[in-house]
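Chains, contacts and geometry: an overview
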Amino acid sequence: MHTITLINGDGIGPEISESVQKIIAASGLEINWDIQTAGADVIESEGVPLPDRVLESIKRNKVALKAPVTTPIGKGFRSVNVQLRKALDLYANLRPCKNLPGVETRFKDVDIVVVRENTEDLYAGVEEKIDEDTAHSIKIITRKASERICKFAFEYAIKNNRHEVCAVSKANIMKLSDGLFLESFRNVAKDYPQITSKEILVDNLCMQLVQDPTRFDVLVLPNLYGDIVSDLTAGLIGGLGVAQGANIGLDCAVFEPVHGSAPDIKGQNKANPTALLLSAIEMLKYINEYTYAEKIEKALFKTLSQGHKTADIGGNLTTTEFTNKIIENLL
Ligand code: NAI
């Protein structure tokens, strides 16, 4: 039996985690969930939002499924999500964005993979207050991390039969930092002549994505652009409720949706578990449980095609009702 770390998060996290656990159990796959809490709720009892036991559990199990954890805005503790990615060196954030059956969107045939660098850039958290009216935030870009993520993007393209990798930057303005990212991309691209390499500025990319997203295949971006662009691409396929993701390192992988803890709908049985479920399906493939991954994916697609949906994608089912429909379709 697999033992997998489950961080069930806060906000809508516990609701969607329960849904995904139920669906996987109903598929017949037994998983021993090593449940780990993190975030604001554990500060009081353990003094920190990301206790060592969480990292130790992931290091031991090598794989984790993670629901969102709230980060206070403008004050308070450092993001648990960012700390986790950094502490485990989960350097690649993989966010595939593909149309789902039964989910109406403006564009059909969207099939984009966002590969986001996960360890540096403005996310390094090097900030200082100069005086009452001035703050500095330092953007860190290294050749090592840039080459590593670009190599990941090209390797992903080869393994997944994709044809093009496009580097996204703002190297016309940030000539040194984004310039180094782009230079690293060009160096790595030389080793992959079978894949077309392209470059685009991030502002132009956003404009083109909303005009015709079918122009793009694999995108590789520094951390902050990757964060923003992957919310944009999530919007192209139906919104955050259906956008999956994974954080991958050399030793471990943490699968988590793109979305946050959605405090506006917390505890209302309204949350869409699809993004976490799709992340879990990728996790099952990662641990070589292809039969169960495909079984669950088929049941999810059938459910959506039958018009059974949560409110965020135009339906009227609660989280529980939607979960039960998927379970019926597994059988
Ligand atoms: P959010 O992604 O939580 O919500 C944005 C909007 O999308 C809200 O209207 C929400 O109701 C909706 N939404 C998100 N997921 C949904 C789902 N599964 N089903 C239905 N509707 C859904 O973004 P927001 O409000 O900016 O962030 C809330 C908190 O989450 C913040 O503390 C943020 O730092 C944290 N966050 C955590 C992440 C993680 O744990 N990896 C990632 C992004 C944000």
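Computed from a predicted model, the values in this text were never measured in an experiment. (Residues numbered from 1 in each chain as written. Predicted model: local features only at pLDDT ≥ 70, side-chain atom pairs only at ≥ 80, totals over all residues. Heavy atoms only, no water.)

Section: the domain arrangement of the protein
With domains assigned, the protein is organised as domain 1 (1–93 + 240–331) and domain 2 (106–236). In this complex, domain 1 contributes 14 residues to the contact, which on the side of domain 2 involves 15 residues. Of the roughly 1,300 Å² buried at the junction of domain 1 and domain 2 (both faces included), carbon and sulfur atoms supply 53%. Of all residues in domain 1, K86, Y91 and N93 bury the most surface against domain 2, accounting for 44% of the area lost on that side. Scanning the region where domain 1 abuts domain 2 turns up one salt bridge. Remark: the boundary between domain 1 and domain 2 carries six residue pairs in polar contact (both at pLDDT 80 or more). Looking at the side of domain 1 that touches domain 2, the elements with two or more residues in it are α4 (80–87), β4 (92–98) and β11 (246–248). Among the elements that take part in the side of domain 1 that touches domain 2, α4 stands out by supplying three residues, more than any other. Its residues assigned to classes, the side of domain 1 that touches domain 2 comprises eight nonpolar, two polar and four charged. (Domains from an automatic or database assignment. Contact = heavy atoms within 4.5 Å. Buried area = accessible area lost by both parts, 1.4 Å probe. Salt bridge = Lys/Arg side-chain N within 4 Å of Asp/Glu carboxyl O. Polar contact = N/O pair within 3.5 Å; in protein donor to acceptor, adjacent residues only side chain to side chain. Helix = DSSP H or I, 4+ residues; strand = E, 2+ residues; numbered from the N terminus. Nonpolar A, V, L, I, M, F, W, Y, C, P; charged D, E, K, R; others polar.)

A short note on the packing of helix α9 (residues 274–286) against helix α10 (residues 290–305)
At a minimum axis distance of 8 Å, the contact between α9 and α10 shows a crossing angle of 155°. The pairing of α9 with α10 is recorded here as roughly antiparallel in orientation. In terms of crossing hand, the pair formed by α9 and α10 is left-handed. In this structure, α9 uses T274, L277, L278, I281, L284 and K285 to contact α10, whose residues at the interface are Y290, Y292, A293, I296, E297, L300 and F301. (Axes fitted to C-alpha atoms, helices over the stretch in contact; angles between N-to-C directions. Parallel < 35°, antiparallel > 145°, perpendicular 65-115°, else oblique. Left-handed = near helix turned anticlockwise from the far one by under 90°.)

Regarding the sheet that holds β4
Taken together, the 10 strands give an open sheet; going across it, the order is β2-β1-β3-β12-β11-β4-β5-β10-β8-β9, and neighbouring strands pair in mixed fashion. Strands with a single pairing partner mark the edges of an open sheet, and in this sheet they are β2 (31–36) and β9 (196–201). Between one strand and the next, the sheet's axes are offset by a mean angle of 25°, whatever the strand orientation. Both strand β1 (residues 2–7) and strand β3 (residues 63–66) contribute to a ladder of three bridges, which runs parallel. (Pairing = 2+ DSSP bridges.)

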